[in-house]
Amino acid sequence: SDAIDLFYPRLDDSPYYRIPSLVKLLNGDLIAACDQRLETESDWGGLIEPAIRIKNKNSHDFSDIIKPFKAPNVKSKNPSYTIDTCLIPASFESDSKIYMVIDKFKSNGNYLTSKKGTGFVEVDGEKYPILFNTSQNSLLFEKTSGRYYIKDGLVYTMDHEETDYTVIMEDTYPYDKLGDIYEKDDLIGNIYSDKSILQVHQTSYLWLTKSEDGGKTWLNPVDITKDIGDDRMMFLGASPGRGIQIPSGRIIVPIYFTTDNANDIYDQREHAAVIFSDDYGKTWQRSKSVNDSKSYSALDGKTLTNTSESQLVRLNDGTLILFSRTTSDRILYSYSYDDGESFEKSLVETDFESEAFCMVSVCKYDKDGKEYILISNPKGPGRRNGFVKVMVVVEDKTLMTIKEKQITDTNFTYSCLELISDDGIFGLLYEERQRDSC
């Protein structure tokens, strides 16, 4: 079909939109999501918030922009923001339930400035956010004069003494007061501001929110980093696009993280993995990385190749296949036979050429007793020439490309595929920078 502009300059007074996600709910509705980048097209340096549009199954048009939540109302040249939406439709629950996992940064934070450490401390078997007592003029957390932690909205010293400070950890829509700090009754800052006297560790955090009504309203975002972070990590982020829910009810979300390079202290390594929840998002666990081997862990900073933003499919026998953006010549994929807890087979190269250093989207489809996987990403050179490839799953689960279709002959960057009808009609939400829209 002809392409339509779904997110475009000046929509909802925003000049830029990036990072598409597209999912179909059990009720048949479509939800499209993007970063609304209100000041800059860059991945940092301006206000970024998630924006969604909903297409009811009985409607021809998408809704106006809906904002699941807004960033804290904190003045800053480089404000706190969220980025890289990953949507997970509830495939075995309510027909209108959907989850969202997204990266959260404090002001002056980004992928490159993320420092080692989860930003949490364990007290009596539970993990709580750490706050650093920092001079109003200091922008680096190393220049701290003390550490504290937040428990049930109250701020304690590391000696477990209660202070006069409290922090807003639960809010009402639009949730823009999350992180506000009070000294008794006086508002004195926000923990996500690098200018506050109390602030979180300068690293990335993973937030989870969900909607019970098909994306119209969203619940208070919660930080799930404490469950899946590790102090050896630097950046930890969601892989944008979509996650899945398998028949057991397990929610699986692709993520990636960075570590020091064990062979070069001035370099970082990227490692793809997944996180999963067996209690509908209350608690989370992290899988082994696809870069792990029998002799070492990716957390030690060792790997043969970087793997980062990934997407996954589930075969009919339960096997998961994770496809990863890489710094090698080809997109790489790996297999999990234990519902995402580990990846046991060596990384495999796809049999087609494309721009591997770019997000890849995947979607599974069954037809005439065979399993197929559709893959979208730029063919190149660079992030140009968008293609959708069709791969067939052969008997030993090897993937073989049998067909391709060109979508654009111009710029084509991030994209997200979704099966939107049972008779083999697919939707593709993609970025085409030539027209500054997606």
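Going along each chain's sequence as written, the residues are numbered from 1 onward. The predicted nature of this model means local features are confined to residues of pLDDT at least 70 and side-chain atom pairs, given and counted, to a pLDDT of 80 or more, with totals for whole chains, interfaces and linings taken over all residues. Side-chain measures were taken over the full set of non-hydrogen atoms in the model, leaving aside hydrogen atoms and water.

### Some points on the pairing of strand β7 (residues 126-134)
Inference 1: A large share of β7 lies buried, amounting to seven of its nine residues.
Inference 2: Pairing analysis gives four bridges linking strand β6 (residues 120-123) to β7, with the strands arranged antiparallel. Paired with E122 across the bridge in β7 is K127.
Inference 3: Strands pair, by our definition, only if DSSP identifies at least two bridges between them. Labels follow the DSSP assignment, with helices taken as runs of H or I lasting at least four residues and strands as runs of E lasting at least two, numbered in each case from the N terminus. Here β6 folds back onto β7, and the loop between the two strands holds two residues, one of which, D124, carries a positive phi near 55 degrees. With a 1.4 Å probe rolled over the protein chains alone, any residue whose accessible area is under 20% of its type maximum counts as buried; one over 50% counts as exposed, and the rest are partly exposed.

### What about the side chain of D35?
Inference 1: Among the structural elements, D35 can be located in strand β2 (residues 30-37).
Inference 2: Residue D35 is classed as buried on the basis of its relative accessible area, which comes to 0%.
Inference 3: Of the polar contacts made by the side chain of D35, one reaches the backbone nitrogen of D84; its length is 3.2 Å.
Inference 4: If we ignore the near neighbours within four places in the chain, the residues touching D35 are Y16, Y17, R18, I19, I48, E49, I83, D84 and T85. Polar contacts here mean pairs of N or O atoms no more than 3.5 Å apart (in protein, one a potential hydrogen donor and the other a potential acceptor; neighbouring residues in sequence count only if both atoms are side-chain atoms). The contact definition used throughout considers only heavy atoms, calling two residues in contact when any of these lie within 4.5 Å.

### Some remarks on a negative patch on the surface
Inference 1: By definition, no residue in a patch forms a salt bridge, and every one has over 30% relative accessible area; like charges are joined within 9 Å, nonpolar side chains (Val, Leu, Ile, Met, Phe, Trp, Tyr) within 5 Å. Every accessible area reported is derived by Shrake-Rupley at a probe size of 1.4 Å, with residue values counting cover from the shown protein chains alone. Just to be clear on terms, a salt bridge is a Lys or Arg side-chain nitrogen sitting within 4 Å of an Asp or Glu carboxyl oxygen. For the purpose of charge, His is not counted, nor are the chain termini; Lys and Arg are scored as positive and Asp and Glu as negative. Think of each charge as sitting on NZ of Lys, CZ of Arg, CG of Asp or CD of Glu. Taken together, E162, D164, E183, D185 and D186 make up a surface patch of like negative charges.
Inference 2: Checked against the element boundaries, E162 lands in strand β10 (residues 162-167).
Inference 3: The exposure class assigned to E162 is exposed, which follows from its relative accessible area of 52%.

### Some points on the nonpolar core
Inference 1: With 29 residues, the main nonpolar core has I31, I52, L87, I98, L131, V167 and I191 as its most contacted residues.
Inference 2: Taken together, the elements giving at least two residues each to this core come down to β2, β3 (48-55), β5 (98-105), β8 (144-151), β10 and β14 (204-211).
Inference 3: Those residues in contact with I31 that lie beyond four places of it in its chain are S21, L22, V23, L25, I52, R53, I54, L87, I98, G214 and G215. Here, nonpolar core refers to any group of buried Ala, Val, Leu, Ile, Met, Phe, Trp, Tyr and Cys residues whose side-chain atoms link them within 4.5 Å.

### Section: the sheet that holds strand β26 (residues 361-367)
Inference 1: The strand order across the open sheet built from four strands is β26-β27-β28-β29, with neighbouring strands paired in antiparallel fashion. Strand pairing shows two members of the sheet lacking a second neighbour, β26 and β29 (399-406), which therefore form its edges. Within the sheet, the average angular offset between the axes of one strand and its neighbour, ignoring direction, is 25 degrees.
Inference 2: Note that strand β27 (residues 370-378) and strand β28 (residues 386-393) share seven bridges and pair antiparallel. Within β28, the residue paired with L374 across the bridge is V390. Note on geometry: axes are lines fitted to C-alpha atoms, helical ones only across the stretch in contact, with angles between N-to-C directions running from 0 to 180 degrees.

### Focus on the environment of V200
Inference 1: By the element assignment, V200 lies in the loop between β13 (198-199) and β14.
Inference 2: Its relative accessible area of 4% is what places V200 among the buried residues.
Inference 3: Remark: the alpha-carbon pair of V200 and K55, spanning 145 residues in sequence, is separated by 38 Å.

### Observations regarding the pairing of strand β9 (residues 154-157)
Inference 1: In terms of strand pairing, β9 meets β10 through two bridges, oriented antiparallel. Along β10, the bridge assignment pairs Y156 with E162.
Inference 2: In textbook terms, the turn of a hairpin is the stretch between consecutive antiparallel strands, and for β9 and β10 this stretch comprises four residues, one of which, H160, has a positive phi near 70 degrees.

### Quick look at the pattern of salt bridges
Any two side chains of opposite charge can pair, given that their charged atoms come close.
Inference 1: The final tally for this structure, using the stated rule, is 19 salt bridges.
Inference 2: In this structure, the salt-bridge partner of R250 is E341, at a minimum N-O distance of 3.2 Å. Placement of the pair is R250 in the loop between β18 (244-245) and β19 (251-261) and E341 in the loop between β24 (332-336) and β25 (348-349), with a sequence separation of 91 residues.
Inference 3: Owing to a relative accessible area of 8%, R250 belongs among the buried residues under this scheme.
Inference 4: On the basis of relative accessible area, E341 is assigned to the partly exposed category, the value being 38%.
Inference 5: A salt bridge links D366 to K364; the nearest nitrogen and oxygen atoms lie 2.5 Å apart.
Inference 6: The class of D366 is partly exposed, set by a relative accessible area of 38%.
Inference 7: For K364, a relative accessible area of 17% puts it in the buried group.
Inference 8: One network of salt bridges, in which partners are shared, links R18, D35, R37, D43 and E431.

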